[in-house]
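Residues per chain are reported as follows:
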Amino acid sequence: MFEMVFAKADQFLVIGYSFGSLLALDIVKRLEARSLRGKLMLIDGSPLYLQRFASQHLSGFDDEHLQMAILTIVLSFVLPTATHEIIKPIMDKPAYAERVDKLMEVARDSNPFSEDYARKMMRLLFYRLKVAMNMSTEVKEKLASPLVLVRSGMLGDIEADYGLGEFTVGSLIVKIIDGTHQTMLANPELLEIINKDTL
């Protein structure tokens, strides 16, 4: 499949956001191995960024505690004014799938997505966080492609380049824009960078 998609390509532009930065780095590594050249843009993500987030907020969590943390975070977004009486029946369920079922039931009117999509996202969030908690940031091969990191200006406890200087021998440009990890996606400056910026 990979070969078919890029069979006639002579260059590429790969963009990855957050967890997708891990995938984008791997895709570019594979494209370069096929002698293709191109550009990579990462939006608020890198292996070091994800590992630091996971280690600061989820260190030492087993699956059960990680699932509870995910539910707590999702509840704070979906039902920010939820009382103990609403949260307790969700958390009292014995298994993660049952807790998610109860969450879907309780948050039905607040959920802008289909229940099927929301369930899949809850599973994916769990598996992505497990990957982030257990991944290595050791660099085996450096990329030759130029790289642009567009990052949130809200974080100060990480290297300005999110540790990406270790991943490339090509140029690395860091652009900082306003917004949090989530709200920066609505910043018109991000669209301008994606549409007009050249690496």
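Throughout, a residue's number is its position along its own chain's written sequence, starting from 1. It should be noted that, the model being predicted, local features are given only for residues of pLDDT at least 70 and side-chain atom pairs only at 80 or more, the latter also being counted only at that level, while totals for whole chains, interfaces and linings use all residues. Calculated side-chain values reflect all of the structure's heavy atoms, with hydrogen atoms and water omitted.

### Things to note about the overall build of the protein
- By definition, any uninterrupted DSSP run of H or I lasting at least four residues is a helix, any uninterrupted run of E lasting at least two residues is a strand, and each is numbered from the N terminus. Per the secondary structure count, the protein includes eight helices and four strands.
- The order of α-helices and β-strands along the protein, N terminus first, is α-β-α-β-α-α-α-α-α-β-β-α.
- Split into buried and exposed, the 199 residues of the protein put 36% on the buried side.
- Residue contacts are defined here by distance: any two heavy atoms, one from each residue, within 4.5 Å place the two residues in contact. Of the contacts made within the protein by residues no fewer than 6 positions apart, 73% connect residues no fewer than 24 positions apart.
- Working convention for charge: Lys and Arg count positive, Asp and Glu count negative, and His plus the chain ends are omitted. For charged residues, the charge sits on one atom: NZ in Lys, CZ in Arg, CG in Asp, CD in Glu. Charge-centre separation for the protein: the mean point of 22 positive side chains lies 4 Å from the mean point of 26 negative side chains. Only protein chains enter the accessibility calculation, which uses a 1.4 Å probe; a residue whose area is less than 20% of its type maximum is buried, one above 50% is exposed, and one in between is partly exposed.

### So, the sheet that holds strand E2 (residues 37-43)
- Two strands pair under a simple rule: DSSP has to find at least two bridges between them. Read across the open sheet, the four strands follow the order E1-E2-E3-E4; overall the sheet is parallel. Whereas interior strands pair on both sides, the edge strands pair on one side only; in this sheet they are strand E1 (11-17) and strand E4 (172-177). For this sheet the average axis-to-axis angle between neighbouring strands, irrespective of direction, equals 15°.
- Taken together, the six bridges between strand E3 (residues 147-152) and E4 define a ladder with parallel strand orientation. When the sheet's bridge partners are listed, Leu 147 is paired in E4 with Leu 172. A fitted line through C-alpha atoms represents every axis, and for helices the fit uses only the stretch in contact; the resulting angles, taken between N-to-C directions, go from 0 to 180 degrees.

### Some details on the domain arrangement of the protein
- Splitting the protein by domain gives domain 1 (13-52 + 141-195) and domain 2 (61-133).
- Start and end points for every domain follow an automatic or database-based domain assignment. When each unit is reduced to the centre of its C-alpha atoms, the spacing between domain 1 and domain 2 is 29 Å.

### Observations concerning a nonpolar patch on the surface
- On the surface, Phe 113, Tyr 117, Met 121 and Leu 124 cluster together into a nonpolar patch covering about 360 Å² of accessible area.
- Exposure remark for Tyr 117: the relative accessible area of 39% places this residue in the partly exposed category. Think of a patch as exposed residues, more than 30% relative accessible area, with no salt bridge, where like charges cluster within 9 Å and nonpolar side chains (Val, Leu, Ile, Met, Phe, Trp, Tyr) cluster within 5 Å. For every accessible area listed, the method is Shrake-Rupley and the probe measures 1.4 Å; residues are considered covered only by the protein chains on display. Throughout this description, the term salt bridge denotes a Lys or Arg side-chain nitrogen within 4 Å of a carboxyl oxygen of Asp or Glu.

### Focus on the nonpolar core
- Grouped together as the largest cluster of nonpolar side chains are 23 residues, with contacts concentrated most on Val 14, Leu 25, Leu 40, Leu 42, Leu 147 and Leu 164.
- Elements supplying a minimum of two residues to this core: E1, helix H2 (20-33), E2, helix H3 (47-58) and E3.
- For this core, the element with the most residues is H2, which contributes five residues.
- Those residues in contact with Leu 25 that sit more than four places away from it in its chain are Leu 40, Leu 42, Pro 47, Leu 143, Leu 147, Leu 164 and Phe 167.
- In terms of nonpolar packing, the next biggest core, distinct from the first, is built from 17 residues, Ile 70, Met 91, Val 100 and Ala 107 among them. Among the buried residues, those of types Ala, Val, Leu, Ile, Met, Phe, Trp, Tyr and Cys that are joined through side-chain atoms within 4.5 Å form a nonpolar core.

### A closer look at the pairing of E3
- The buried count for E3 comes to six of six residues, which makes it a mostly enclosed element.
- With burial as the criterion, each face of E3 is covered, one bearing Leu 147, Leu 149 and Arg 151 and the other bearing Val 148, Val 150 and Ser 152.
- In the sheet, E2 pairs with E3 via four bridges, with the strands oriented parallel. In the strand pairing of E3, Leu 40 is matched with Leu 147.

### Thoughts on the packing of aromatic side chains
- Any two of the Phe, Tyr and Trp rings considered here, Trp counted by its six-membered ring, make a pair once their centres fall within 6.5 Å; the pair's planes then place it as stacked at under 30 degrees, edge-to-face at over 60, or tilted in between. What the rule picks out here adds up to four aromatic pairs.
- Aromatic side chains Tyr 96 and Phe 126 sit 6.0 Å apart centroid to centroid with 40° between the ring planes, which places their arrangement in the tilted category. Of this pair, Tyr 96 sits in helix H6 (residues 96-106) while Phe 126 sits in helix H7 (residues 115-134); the two residues are 30 residues apart in sequence, bridging distant segments of the chain. Neither residue differs from the other here; Tyr 96 and Phe 126 are each classed as buried.

### With respect to the packing of helix H4 (residues 63-78) against H7
- Between H4 and H7, the shortest axis-to-axis distance is 10 Å and the interhelical angle comes to 125°. It follows from the interaxial angle that H4 and H7 lie oblique. Helix-helix and strand crossings are classified by hand; for H4 and H7 the assignment is right-handed. Of H7, the residues touching H4 (which contributes Asp 63, Leu 66, Gln 67, Ile 70, Leu 71 and Val 74) are Met 122, Leu 125, Phe 126, Leu 129, Lys 130 and Met 133.
- Charged means Asp, Glu, Lys or Arg here, nonpolar means Ala, Val, Leu, Ile, Met, Phe, Trp, Tyr, Cys or Pro, and polar covers whatever is left, Gly included. For the contact of H4 with H7, the class distribution of residues is nine nonpolar, one polar and two charged. Here the word oblique covers every angle except those under 35 degrees (roughly parallel), over 145 (roughly antiparallel) and from 65 to 115 (roughly perpendicular). Helix crossings fall into two classes, left-handed where the near helix is turned counterclockwise from the far one by less than a right angle and right-handed where it is turned clockwise.

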